[in-house]
Amino acid sequence: MSEDKREMVDEQDDGQVKESRRDFLKKMGVAAAATAAAPAATAKAVSIAEALQGHFELMSDEQKQKAIARLEERYSEQFSKQTTVANTPAPDGVLFGYALNISKCIGCRRCVEACVRENNQSRDPAIQWIRVLRMEKGNVTFDAKDLNAGKPSSSSLGDHGIQSGGHAGKPVGISGYTDHYYEPEQVPEDNAFYFPVQCQQCEKPACVKACPVRATYRDPNGIVVIDYNWCIGCRMCQLACPYWARRFNWGEPVLPSEEMNPKTHYLGNRPRPRGVMEKCTFCLQRVRDGRYPACVEACPVGARKFGNLLDPESEVRKVLATKQVFRFKEEFNTDPKFFYYMD
Amino acid sequence: MTMKQQIASASQKPIAFARDFFSYAIKGGNLYYGWLLFLSFFVIAGLFTTYVQMTTGLIVTGATDQITWELFISNFIFTAHIAAAAVLVVIPAYIYKRKDMKELAVLGEIIALTFVIIGLNFIFYHMGRIDRAWHAIPGLGIFNFPSSMLTYDIIVLNTYLAINLVAVSYLLYMRYLGQPMNTKFYTPLIYVAVAWGPLIHIVTAFILSSNAAIYSWKTAVLPFAFLSMAGASGSSLVILMFLLIRKFSKLQIADSVIDFFSQVIVWSLGLIILVFISEFFTELYSGTHHAASLEFMIDGHHGLDAYVPWFKMTMTLIVLPFILLLNTTIRKSYNSLLPVICSVVFLTILIEKPAVLVFPAFSPTPLGEYAVYHPTLIEICNVLFIWAVGFIMLTLLTKGAIGVLTGEVRDSKTVEAGGGAK
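Residues numbered from 1 in each chain as written. Chains lettered and ligands numbered in written order. Predicted model: local features only at pLDDT ≥ 70, side-chain atom pairs only at ≥ 80, totals over all residues.

## Focus on the overall build of chain A
The following threshold applies: Here a helix means four or more residues in a row that DSSP labels H or I, a strand means two or more in a row labelled E, and each is numbered from the N terminus. Each residue is represented by a C-beta atom placed from its backbone, and any two residues with such atoms within 7 Å are regarded as in contact.
Scanning chain A from terminus to terminus reveals ten helices and 16 strands. Residue pairs at least 24 apart in sequence account for 68% of intrachain contacts in chain A once pairs closer than 6 positions are excluded.

Laid out in C-alpha cells, this is it:
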C-alpha cells in the first residue's frame with residue numbers, strides 16, 4: 001500500500017507533485033478485470049432473513065447483532081478475508097464539520113483515491129464519491145477578436161446599446177467551464193485552480209426529505225447516512241441533491257478481494273449491493289472511532305480540515321473563526337457542514 | 001327476490017361474468033388477432049429483456065449518475081397524462097349530463113385503469129430494488145409521509161387504481177346482470193374519480209418540480225403543462241379508440257362525441273403553447289443559469305446537440321396540429337386527416353417526455369457536466385414490453401366492455417327469464 005502511494009505521487013524538489021493517475025486507473029482496471037473472473041469476489045446470495053430485515057434504526061439490539069453477524073459471514077466468504085461490520089454508536093456532543101482550503105488544493109486527487117480504497121467503492125463500474133473540478137484562471141478575455149464571440153452576439157438589427165460581447169466573460173453556463181476529467185502531466189497547473197466536491201452533510205438535507213422510505217437520514221453527529229439494506233433504489237435523493245454527491249450502484253459492484261477494506265461499519269463503508277445509493281459519510285467507520293476521514297489523511301498539502309463543530313478549540317472552528325469561509329451553493333438553503341475557505 | 005337470494009346469486013355469478021366477458025373479448029376478426037399477435041411479439045421479446053434487467057441491474061439501461069432517469073420513468077409521466085385525461089370521457093356524461101356520452105363513460109374508466117397499471121409497471125422497472133418495494137408499503141415498511149413527494153404519488157396512484165377497478169367492474173357486472181346500479185354507491189365514486197384524475201397528475205408534476213437542483217423542472221407551470229398535455233394526448237387516444245370502435249363494433253358513437261374531443265385537443269394544444277411561451281420567455285429573457293438546459297435543447301453545447309432536432313420536431317408538431325385543428329373541416333374529417341393528426345399528437349407528446357422534459361433537464365448536472373442520453377436496446381425492449389402488455393389489456397377490456405354495453409355479453413339466466421328473476 002505505501003509502495004503504491006510512492007509510485008503514484010513523486011514529490012519533487014519544487015514542491016510540485018507529479019501525478020500518474022492514468023497508471024493508477026490502469027492498475028485499478030486490471031485488478032477489477034482480474035477479480036471479476038475470480039470466484040472469490042462473486043456476490044453471495046442474500047439470505048431470506050436479510051431480505052426481510054427491517055430498517056436498521058428500528059431494529060432491537062438483538063436484531064442488529066444478528067443482521068451484522070449475517071453480513072460479516074457473507075462478506076468474509078465473498079472476499080475470502082475476515083470482515084468486521086461495526087455498529088459503533090455515534091459519540092455524544094459531536095457535530096462533525098469539514099473545511100477545505102481551496103487556495104491550497106493542488107488537484108492531485110489523492111483524496112479521491114484514498115476514499116475509494118477506504119470505502120470499498122466499486123472499481124468497475126468505477127464509483128467515486130469526491131469529484132474535483134478544475135477551473136481555468138482568467139476566464140475573462142480582453143482580446144479584440146473575442147469581443148463578439150460571446151452570447152448574446154451582436155445583432156444584424158443593431159445593438160441598441162444593450163448587447164454584450166465576449167469581453168464580459170465567456171458564454172453563460174452553470175460552471176460550464178469546469179473540467180471533471182483533466183489529466184495533466186503535473187499538478188498543480190499554473191493556469192488552473194481546483195474545487196473538490198463531495199457530500200456536504202447538510203443540516204437540512206434535500207435528499208433526506210425526498211427519500212420515500214427514510215433509508216437515508218441524518219445521524220446524531222450530523223452525518224447523512226444510508227441504510228444500504230433499506231434503500232429501494234428510486235433515486236429521488238439523487239435528483240434532490242444540489243451537489244451531485246450521490247452515486248448509484250447501477251450494476252453489481254466489482255470490488256477485488258485484495259483491495260477490499262475488511263474494517264467496515266454498517267452505515268459506512270461495508271460493501272454495497274446492486275441497486276442502492278451510496279455517498280460520502282465523512283468515513284463514518286473512522287470518525288466514530290475518533291480518527292480522521294481518509295481524504296483528510298491523504299491530502300498532501302493539508303487543504304482538508306475536519307473536526308467537531310461543537311468544540312470551540314477544534315481545527316474546523318478555528319478555520320471558521322479566522323479564515324474567509326463560504327459554503328457551496330448557499331442559495332439552496334441546505335446548510336452544509338462542509339466549508340470552503342481561503343488563506 | 002329477497003335480499004338473501006340476491007346475495008346468494010351474486011356470489012355465484014362473478015365467475016360466470018369473468019368467463020363470459022373474456023371469452024367474448026378474445027374473439028374477433030383477422031385484424032383483431034393480427035393486432036394481438038403483433039403485441040404478443042413484443043411481450044415475448046420483453047420477457048427475455050426483463051429477465052436480463054432483473055438479474056443484471058439498471059446498468060443495462062442508458063441511465064448514469066449524470067442522467068439518472070431512464071425511458072421507464074419518462075414513459076410513466078406519459079401514462080399519467082393519459083390516465084388523468086380519461087376523466088374527460090367521464091365528465092361530460094356525469095357532470096354535464098350529456099346523453100351521447102353516458103354509455104361511453106365506462107370506456108374512459110377502462111383507459112384510466114389500464115394506464116395507471118402501465119404507469120405502475122414503469123415505476124417497477126425504474127426501481128433499483130424491486131424486491132424491496134414492500135419497504136414503501138405503510139405499516140409493513142416506513143412511509144416517509146408527508147415529507148417525500150413520492151409517498152403522495154404512491155397514495156394517489158393506488159387510490160386511483162382502486163377507484164377505477166371498482167367502478168369499471170361494478171358497472172359492467174350490473175349491466176351484465178341486467179340490474180340497475182346503486183347510484184348512491186356509484187355516483188359518489190364517479191365524482192371522486194373525476195377529481196382524482198387531475199390530482200394524480202398534479203402530484204406527478206410536483207414530484208418533478210420538488211427538485212430544486214433541476215432548474216428546468218423547478219417551475220410553477222409544470223402542472224399546467226402536464227394537464228394540458230394530458231388533455232391533448234389523452235383526447236387523441238380517445239378519438240382514435242372511438243373511431244376504431246364505431247368502425248368495427250356495434251357500439252354507436254355519435255359524431256358529436258368525436259367533435260367534443262377534437263375541441264379539447266385544440267384548446268389543450270393552445271394551452272401547451274401558452275405554457276411553453278411563458279416558460280421560454282421567463283427563462284430566456286433573463287438568460288440566467290436556469291435557462292441552461294433550455295439553451296442546451298435549442299442550441300446544443302459545444303457541439304453536443306443530440307436534443308436539438310427532437311426539440312424542434314416536438315415544438316413544430318405541437319403548433320402544427322393546433323393550427324390545423326382550428327379548421328372545422330379538418331376536425332370533422334373522421335376518416336382521413338383527424339386520425340392522422342391524433343396519432344401525431346399522441347406520439348409527439350409521448351416522445352416529448354424523454355426527449356424534451358426529462359433527459360435534457362439533467363444537463364448541466366449540479367456540477368456543470370453536459371451529457372446526452374443513449375437508450376439501450378434492452379431498455380427499449382422493456383419499454384415496448386410494458387406498452388404491449390398495457391395495450392393487450394386495453395384491447396381486451398375495451399372489447400369485453402363493448403360486448404357488455406351492446407348486450408352481447410349478458411347473464412344467460414337474465415336473458416331466459418327476461419330480467420333478473422332467479
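Next comes the rest of the description.
## A closer look at the overall build of chain B
Along the backbone of chain B there are 16 helices and zero strands. Principal-axis analysis of the C-alpha atoms gives chain B an extent of 75 × 55 × 40 Å. Of the contacts made within chain B by residues no fewer than 6 positions apart, 78% connect residues no fewer than 24 positions apart.

## Focus on the environment of Asn211(B)
Locating Asn211(B) in the fold gives a position in the loop between helix H8 (183-209) and helix H9 (222-248). For the pair Asn211(B) and Gly57(B), spaced 154 residues apart in sequence, the C-alpha separation works out to 25 Å. Those residues within four positions of Asn211(B) in sequence are excluded, and the remaining contacts are Leu239(A), Ala240(A), Trp217(B) and Lys218(B).

## Overview of helix H14 (residues 337-358) of chain B
Each turn of an α-helix holds 3.6 residues, which means side chains three or four residues apart point in the same direction. Quick note on the threshold: Here the expected span of a helix is defined as 1.5 Å times the quantity of residues minus one. Think of it this way: the bend at a residue is just the angle between two axes, each fitted to seven residues, one set ending at that residue and the other starting at it.
Its 22 residues place the ends of H14(B) 30 Å apart at the C-alpha level, agreeing with the 32 Å of an ideal helix rising 1.5 Å per residue. The principal kink in H14(B), of about 45 degrees, is found at Glu352(B), preceding the proline Pro354(B) by one to four residues.

## Quick word on the sheet that holds strand E5 (residues 131-136) of chain A
All names here are of chain A. Going by this rule: Any two strands with at least two DSSP bridges between them are considered paired.
One open sheet holds the three strands; their spatial order is E6-E5-E8, and the pairing between them is antiparallel. Two strands in the sheet have a free side with no partner beyond their single neighbour: strand E6 (178-179) and strand E8 (192-197). Note: E5 against E8, six bridges, orientation antiparallel. Note on E8: the bridge partner recorded for valine 132 is proline 196.

## Observations regarding the nonpolar core
Residue and element names in this part refer to chain B. Counted only if it meets this: By our criterion, buried Ala, Val, Leu, Ile, Met, Phe, Trp, Tyr and Cys residues that link up through C-beta atoms within 7 Å make up a nonpolar core. Note on burial: count the other C-beta atoms lying within 10 Å of the residue's C-beta; 20 or more is buried, 12 or fewer is exposed, in between is partly exposed, and C-beta positions come from the backbone.
Within the largest apolar cluster, 208 residues are counted, with the highest numbers of intra-cluster contacts made by Ala83 and Ala86. The element contributing the most residues to this core is helix H7 (residues 149-177), with 14 residues. Excluding residues within four positions of it along the chain, alanine 86 makes contact with Gly108, Glu109, Ile111, Ala112, Phe115, Gly197 and Gly234.

## Remarks on the packing of helix H3 (residues 71-85) of chain B against helix H15 (residues 377-405) of chain B
Residues and elements named next belong to chain B. Basically, it comes down to this: Axis definition: a line fitted to C-alpha atoms, over the contacting stretch in the case of helices. Angles run 0 to 180 degrees between N-to-C directions. Reported orientations rely on four angle classes, namely roughly parallel under 35 degrees, roughly antiparallel over 145, roughly perpendicular from 65 to 115, and oblique for the rest. What makes a crossing left-handed is the near helix being turned counterclockwise from the far one by less than a right angle; a clockwise turn instead makes it right-handed.
At a minimum axis distance of 10 Å, the contact between H3 and H15 shows a crossing angle of 30 degrees. For the element pair H3 / H15, the angle class is roughly parallel. Crossing angle aside, the handedness with which H3 passes H15 is right-handed. Of H15, the residues touching H3 (which contributes Leu71, Phe72 and Asn75) are Glu379, Ile380 and Val383.

## So, the interface of chain B and chain A
To be explicit about the condition: Under the scheme applied, nonpolar residues are Ala, Val, Leu, Ile, Met, Phe, Trp, Tyr, Cys and Pro; charged residues are Asp, Glu, Lys and Arg; polar residues are all the others, including Gly.
Between chain B and chain A, the residue contacts involve 36 residues of the former and 43 residues of the latter. No other element matches the three residues that H7(B) contributes to the side of chain B that touches chain A. Among the residues making up the side of chain B that touches chain A, the classes are represented as 16 nonpolar, 15 polar and five charged.

## Regarding the sheet that holds strand E16 (residues 338-342) of chain A
All names here are of chain A. Strand order in the open sheet formed by four strands is E14-E4-E16-E15, and the pairing between neighbours is mixed. Each edge of the sheet is formed by a strand with only one pairing partner; in this case those strands are strand E14 (304-308) and strand E15 (324-326). Geometrically, the sheet is characterised by an average inter-axis angle of 30 degrees between neighbouring strands, direction not taken into account. Strand direction decides the pairing type here: strand E4 (residues 96-101) and E16, joined by four bridges, are parallel. Each residue of the ladder has a partner; that of leucine 100, found in E16, is tyrosine 340. On the sheet, helix H10 (residues 315-322) packs against E4, E14, E15 and E16 and is oriented at approximately 110 degrees with respect to E14.

## Topic: the confidence of the model for chain A
All names here are of chain A. Cut-off, in case you're wondering: Confidence scores here are pLDDT values: one per residue, from the predictor, ranging 0 to 100.
Looking at chain A as a whole, the pLDDT averages 83, with 76% of positions reaching at least 70. Considering each helix and strand of chain A separately, the mean pLDDT is smallest for helix H1 (residues 2-8), with a value of 38, and largest for E4, with 98. Note on residues 1-40: pLDDT under 50 across the span, and 44 contacts to partners over four residues away in sequence or across chains.

## Observations concerning the pairing of E4(A)
Residue and element names in this part refer to chain A. Counting buried residues in E4 gives five out of six residues, a clear majority hidden from the surface. The pairing of E4 with E14 spans five bridges and is classified as antiparallel. Each bridged residue has a counterpart across the sheet, and for leucine 100 the counterpart in E14 is arginine 304.

## Focus: the packing of helix H4 (residues 87-94) of chain B against helix H6 (residues 105-126) of chain B
Residues and elements named next belong to chain B. Two numbers describe how H4 lies on H6: the axes approach to 7 Å, and their chain directions differ by 155 degrees. Here H4 lies roughly antiparallel to H6, going by the angle between them. In terms of crossing hand, the pair formed by H4 and H6 is left-handed. When H4 is examined against H6, the residues Val87, Val89, Val90, Ala93 and Tyr94 are found in contact with a partner set consisting of Ala105, Leu107, Gly108 and Glu109.

## Description of unusual backbone geometry
Put simply, Asp124(A) and Pro125(A) share a cis peptide bond, and its omega is 5 degrees. Inspection of the secondary structure assignment puts Pro125(A) in the loop between helix H5 (110-118) and E5. Residue Pro364(B) is reached from Ser363(B) by a cis peptide bond, and omega for that bond is -5 degrees. Along the chain, Pro364(B) falls in the loop between H14 and H15. In this model, Lys97(B) sits at a positive phi of 55 degrees, which is unusual for a non-glycine residue. Structurally, Lys97(B) is set in the loop between H4 and helix H5 (99-102). Judged by C-beta crowding, with 9 C-beta atoms within 10 Å, Lys97(B) ranks as exposed.

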